[in-house]
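A structural walkthrough
If you want the building blocks of each chain, they are given just below.
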Amino acid sequence: MTSVQDKVVFITGGARGIGAEVARRLHERGARLVLTDLGEAELNELAGELGDDRVLTVVADVRDLPAMESAAAQAVDRFGGIDVVVANAGIASYGSLLQVDPEAFKRVLEVDVLGVFHTVRAALPAIIDRRGYVLVVSSLAAYAAAPGLGPYNASKAAVEILANSLRLEVAHRGVSVGSAHMSWIDTALVRDTKSDLPSFAELLTKLPWPLSTTTTVDACADAFVKGIEGRARRVYSPGWVGLFRWLKPLLSTPIGEFPVLRHAAELVPRMDAEVAALGRCTSAYTQSLGRPAG
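Residues numbered from 1 in each chain as written. Predicted model: local features only at pLDDT ≥ 70, side-chain atom pairs only at ≥ 80, totals over all residues. Heavy atoms only, no water.

Threshold: UniProt positions are given in the numbering used here, feature names are shortened, and annotations may be inferred rather than shown by experiment.
An unreviewed UniProt entry lists the chain under the name Short-chain dehydrogenase, with Mycobacterium bohemicum given as the organism. For the chain, the Sequence similarities (unreviewed entry) comment in UniProt is given as "Belongs to the short-chain dehydrogenases/reductases (SDR) family."

1. Looking at unusual backbone geometry
Put simply, the rule is: Helix and strand assignments follow DSSP, with helices taken as H or I runs no shorter than four residues and strands as E runs no shorter than two, numbered in order from the N terminus.
Cis peptide bonds are those with omega within 30 degrees of zero, and the linkage from Trp209 to Pro210 qualifies with 5°. Mapped onto the elements of the fold, Pro210 is located in the loop between helix H7 (198-206) and helix H8 (217-230). With an omega of -10°, the peptide bond running from Ser237 to Pro238 counts as cis. Tracing the backbone through its elements, the reader meets Pro238 in the loop between strand S7 (234-237) and helix H9 (241-251). Of note in the backbone geometry, Asp6 takes a positive phi value of approximately 65° without being a glycine. Positionally, Asp6 belongs in the segment before strand S1 (8-12). Look at Arg131: it is not a glycine, yet its phi comes out positive at around 50°.

2. Some remarks on helix H5 (residues 150-170)
Cut-off, in case you're wondering: In this scheme, a helix's expected span is set at 1.5 Å multiplied by one less than its residue total. Only protein chains enter the calculation, and the probe is 1.4 Å; a residue is then buried if its accessible area is under 20% of its type maximum, exposed if over 50%, and partly exposed in between. Every residue pair with non-hydrogen atoms within 4.5 Å of one another is taken to be in contact.
With 21 residues, H5 should cover 30 Å at 1.5 Å per step; its first-to-last C-alpha distance of 30 Å lies within 8% of that length. Within H5, burial applies to Pro151, Tyr152, Asn153, Ser155, Lys156, Val159, Glu160, Ala163, Asn164, Leu166, Arg167 and Val170. Contacts made by the buried residues of H5 are with helix H4 (102-130), strand S5 (133-137), strand S6 (176-182), S7 and H9.

3. Digging into the packing of aromatic side chains
The cut-off we apply is this: Pairs were defined over the aromatic rings of Phe, Tyr and Trp, the Trp ring being its six-membered one, requiring ring centres within 6.5 Å. Orientation was assigned from the angle between planes: stacked under 30 degrees, edge-to-face over 60, tilted for the rest. In this scheme, Lys NZ or Arg CZ marks a charge over a ring once it lies within 6 Å of the ring centre and within 35 degrees of the ring normal.
Tallied over the entire structure, the rule returns two aromatic pairs. Centroid distance Trp184 to Phe200: 5.4 Å. Interplanar angle 85°. Geometry classified as edge-to-face. Of this pair, Trp184 sits in the loop between S6 and helix H6 (188-196) while Phe200 sits in helix H7, and the two are 16 residues apart along the sequence. Seen from the ring of Tyr285, Arg16 lies directly overhead, with NZ or CZ sitting 3.6 Å from the centre. Directly above the ring of Trp246 sits Arg245, whose terminal nitrogen or CZ lies 4.6 Å from the centroid.

4. As for the packing of H4 against H5
We count it as follows: Note on definitions: angles span 0 to 180 degrees between N-to-C directions of axes, and those axes are lines fitted to C-alpha atoms, for helices only across the stretch in contact. The cut-offs work like this: below 35 degrees is roughly parallel, past 145 is roughly antiparallel, 65 to 115 is roughly perpendicular, and the gaps in between are oblique. The sense of a crossing depends on the near helix, which, turned anticlockwise from the far helix by less than a right angle, makes the crossing left-handed and, turned clockwise, makes it right-handed. Following the grouping adopted for this structure description, the nonpolar residues are Ala, Val, Leu, Ile, Met, Phe, Trp, Tyr, Cys and Pro, the charged ones are Asp, Glu, Lys and Arg, and the polar ones are all others, Gly among them.
Running from N to C, H4 and H5 point in directions that differ by 15°, and their axes come no closer than 8 Å. Here H4 lies roughly parallel to H5, going by the angle between them. Pair H4 / H5 crosses with right-handed handedness. For the pair formed by H4 and H5, the contact residues are Phe105, Val108, Leu109, Asp112, Val113, Val116, Phe117, Val120 and Leu124 on the first element and Pro151, Tyr152, Ser155, Lys156, Ala158, Val159, Leu162, Leu166 and Val170 on the second. In terms of residue class, the contact of H4 with H5 is made up of 15 nonpolar, one polar and two charged.

5. Some thoughts on the pairing of S1
Put simply, the rule reads: We call two strands paired when DSSP finds no fewer than two bridges between them. Throughout, right-handed denotes a crossover for which the path from the first strand over the helix to the second runs clockwise when the strands point away from the viewer.
Across the five residues that make up S1, a large majority, five, are buried. Of the two faces of S1, the one carrying Val8, Phe10 and Thr12 and the one carrying Val9 and Ile11 are both buried. Sheet analysis places S1 next to strand S2 (residues 32-37), joined by five bridges and oriented parallel. Bridge assignment links Thr12 to a residue of S2, and that residue is Thr36. Between the parallel elements S1 and S2, the chain passes through helix H1 (residues 17-28) in a crossover that is right-handed. Relative to strand S4 (residues 84-87), S1 runs parallel, the two sharing three bridges.

6. Thoughts on the side chain of Thr215
If you trace the backbone, Thr215 turns up in the loop between H7 and H8. Dropping the residues within four chain positions of it, Thr215 is found in contact with Trp184, Ile185, Asp186, Cys220, Ser237 and Pro238.

7. So, H4
Since the α-helix turns once every 3.6 residues, residues separated by three or four places project in the same direction. Condition: Each residue is assigned a bend, namely the angle between axes fitted to the seven residues that terminate at it and the seven residues that start at it.
With 29 residues, H4 ought to run about 42 Å at 1.5 Å a step, and its terminal C-alpha atoms sit 40 Å apart, in line with that. At Leu124, H4 shows its largest bend, some 50°, and a proline, Pro125, comes one to four positions later. Arg131 occupies a position one or two residues after H4 and carries a positive phi of about 50°.

8. Describing the sheet that holds S5
Overall, parallel pairing links the seven strands, which are arranged S3-S2-S1-S4-S5-S6-S7 in an open sheet. Edge positions in the sheet fall to strand S3 (55-59) and S7, since each has one partner strand and no second. On average, adjacent strands in this sheet sit at an angle of 15° to one another, irrespective of strand direction. The pairing of S5 with S6 spans five bridges and is parallel. Note that in S6 the partner of Val134 across the bridge is Val177. Across the sheet, helix H3 (residues 65-79) lies against S1, S2 and S3, angled at about 160° from S3, the strand it touches most. The strands that H9 touches are S6 and S7; relative to S7, the one it contacts most, it runs at about 115°.

9. Brief notes about the UniProt feature "domain: Ketoreductase" (unreviewed entry) in the chain
Mapped onto the present numbering, the UniProt feature "domain: Ketoreductase" (unreviewed entry) falls at residues 7-187. Here residues 7-187 is 49% helix and 18% strand, with 27 Å between the C-alpha atoms at its ends.

Set out below in structure tokens:
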């Protein structure tokens, strides 16, 4: 294990959920933190909670490369470099490919894929200088598809392979690269989706165990911190998610799709009707942060 004492850790999506809980744990271990997000109020609240000069917060949109380059430059100016990057910022959309607003689909890809690229691109020179570690947050969604989550599935599959490619590119520079894969975590993203779309909540109850279970943010943050300290190639939360990496070829066969497919004919039309009634294809919080990049 590598100590994070005095290491500089750059986290996107650092104001809430997994990002914030990872920040708390790393701070307890003596790390210096650079937290970026669009939620200025939440960033300020977390900085006040942590309460010392080892925390730098930057309001920045991961869709905006110059903004991420500025955040990385501020990290270097403040702390002298960057040792770890956690590309954590991510959103999801609501509705099937027939229903989802094309702009919502586009925004998911911009945040969840381009946002990872912008984060890595901005911080990588500093990471190379420190022979550091990059953790790209993917998901179990990279292995197993779900109806109504097409954009999210596509984005998380994309960033998994992006992390694999990056690993090959920077290993000779002493940089390690990992990807994180989580099942349902009790974050605002999952809670908001369940609240907005009763059909989604019902779908989760119909999935076979353990896919129907939800993991706490605390347990997920513990897995992330362990992965960061170990410069892990893969981080799984819960641990059984790792099995699905090896089952991935089976999951897109008729056998693998059957547990979901048998409910899709009923639940997908209901989900799309609920999305239409909402009048939006993202959570209310995500929509409130939807100002254009740049």
